Amino acid sequence: MKTLRALLTALLLTLSVLALPAATAHAAGGPVAAPLPDAAKPGATTTVAGSGWPAHALLTVLLCGQNAVAGTDDCANASGRAVTTDAAGRFVQQLAVQTPPQPCPCVIHVSTVTGAQLSLDTAFDVIGAPTKPIPQDAAGNGQLVLLSASLSGDNGMLNIFGAPPNRTFKAIVANMGGSPLANPEFELGTWHSVFAPDWSAAPWQGVLQPGQKAEIDLPVQFASGANGRYYVALRYQGRTLATESEDLPVAWGVDVFWALLGIVVAVGLFRAGLAVLDKVRPDVTERRRERRRARLGRRRAGDPPPAEDRPEVPEPPTQLLPPMPDYAPTAAHRSARPPRPSELTLPWFAPGTVTTTAPPRPAPLVRPPQAERLTDT
């Protein structure tokens, strides 16, 4: 009978939520979530329905104590559920009722996991659970509640060469107390691996009226050359509100710089040592140069021997070719003195002159007297 009653209740709640248009929910001020029933004992089940949420967004539904002022630390995480909204931003999810780790007042805490950061707390009465008033802060200025938190920012070219990475811690907080909250002073803590957080003051200027929420942006600067997974926590008056993580890239430009610097220093020291050796032991330097010359002077088989190994051969005398004779001798050539027997020259195409014995010249012809008389007549 109880099971049938729960199913009918869930069906009626589903029909009522589906009948509410998404535009009406947005116009009313944002997302809506309502539990039915809104009071139950531990071990029972309640149905949570909502509308006005982003389409196809992943949501978490938790039952929390102390109005979830400390975030999910006040919630019964073991009984929490995840649900995805439909195309109109609606959802229906059953939730088991358990006693939360913190006393009531209790709420149903619905928040987005993907997409825009949205969260909503709806009052829920856990019958039989202990109740304790929410403590005000030490200054009596109200109760600060964190609604969402995230890290934003990206790396630049200078971060590759070891510049300190910068990020911005974005948080949406609300004043759930009855008095204004003026200039709250936050603390940001950063740590890596298993090291303890390094906390630093991060004041924020502004006034939060009761029931008012605001987005605060706090700058976060990591150490120079930081790489790997780092964690950032936001703390207010000794209470940690949120913790976010960020994966920082390796600054490989620093390694390249040190490698190049090592090569330059090594080459400089080597050249300085050679200069000192040239000044202190010039004989060693000369022998080293001679060995280098000998090593460079090695030749392959068939190469001509070096110049110092070749035998000295006297250079032949320079011989001049005679001028090429003309085919039509001129009067100057006919009247030229015949060469002496010791200065006979070779033909014009020979590469020089030779000394040889001239052949005997024939005796001049003598004309008979008869020939002379015939010529005179």
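Before any of the text, the structure's been laid out above.
Just so it is clear, the model here is predicted, and its values are computed rather than measured.

1. Considering the packing of aromatic side chains
Tallying each qualifying case throughout the model produces 5 aromatic pairs. Ring centres of phenylalanine 186 and tyrosine 236 lie 5.5 Å apart, and the angle between their planes is 45°; on these two criteria the pair is classed as tilted. A residue pair is termed long-range when its members are at least 10 positions apart, and phenylalanine 186 in strand β12 (residues 185-192) and tyrosine 236 in strand β16 (residues 228-236) qualify at 50 residues. Considering the side-chain rings of phenylalanine 222 and tyrosine 230, the 5.4 Å spacing of their centres and the 70° angle between planes classify their relative orientation as edge-to-face. The class for phenylalanine 222 is buried, based on a relative accessible area of 4%. Taking the ring centre of tryptophan 199 as reference, the NZ or CZ of arginine 235 above it sits at 3.8 Å.

2. Considerations on the nonpolar core
One recurring pattern in soluble globular proteins is that nonpolar side chains are buried together. Formed by 26 residues in total, the largest nonpolar core has its most connected members in Leu144, Phe169, Phe186, Leu188, Leu218 and Leu234. Of all the secondary-structure elements, those providing two or more residues to this core are β9 (144-152), β10 (166-175), β12, β15 (213-221), β16 and β17 (239-248). In contact with phenylalanine 169, other than residues within four places in its own chain, are Ala149, Ser150, Leu151, Leu188, Ile216, Asp217, Leu218, Val220, Val232, Leu234, Ala242 and Glu244. Counting residues in each nonpolar core, the second largest holds 19 residues, with Val48, Trp53, Cys104 and Phe124 among its members.

3. Details of the layout of surface pockets
To find the voids left in a structure, one rolls a probe of water-molecule size over its atoms. For the largest pocket, the calculated volume is near 500 Å³. Surrounding the largest pocket, 25 residues form its lining, Gly71, Thr72, His109, Leu146 and Leu147 being those nearest its centre. Elements represented by at least two residues in the lining of the largest pocket include exactly β4 (58-64), β7 (106-112), β8 (119-126), β9 and β17. Of the residues that constitute the lining of the largest pocket, the class distribution is 11 nonpolar, 11 polar and 3 charged.

Definitions and limits used
- Residues numbered from 1 in each chain as written.
- Predicted model: local features only at pLDDT ≥ 70, side-chain atom pairs only at ≥ 80, totals over all residues.
- Heavy atoms only, no water.
- Phe/Tyr/Trp six-rings, centres within 6.5 Å; stacked < 30°, edge-to-face > 60°.
- Helix = DSSP H or I, 4+ residues; strand = E, 2+ residues; numbered from the N terminus.
- Buried < 20%, exposed > 50% of the residue type's maximum accessible area, 1.4 Å probe, protein only.
- Lys NZ or Arg CZ within 6 Å of the ring centre and 35° of its normal.
- Core = buried A, V, L, I, M, F, W, Y, C linked by side-chain atoms within 4.5 Å.
- Contact = heavy atoms within 4.5 Å.
- 1 Å grid on protein atoms, 1.4 Å probe; cavity = no way out; pocket = protein on both sides within 12 Å on 5 of 7 lines; lining within 4 Å.
- Points joined across faces, edges and corners; volume = space filled by probe spheres on them.
- Nonpolar A, V, L, I, M, F, W, Y, C, P; charged D, E, K, R; others polar.

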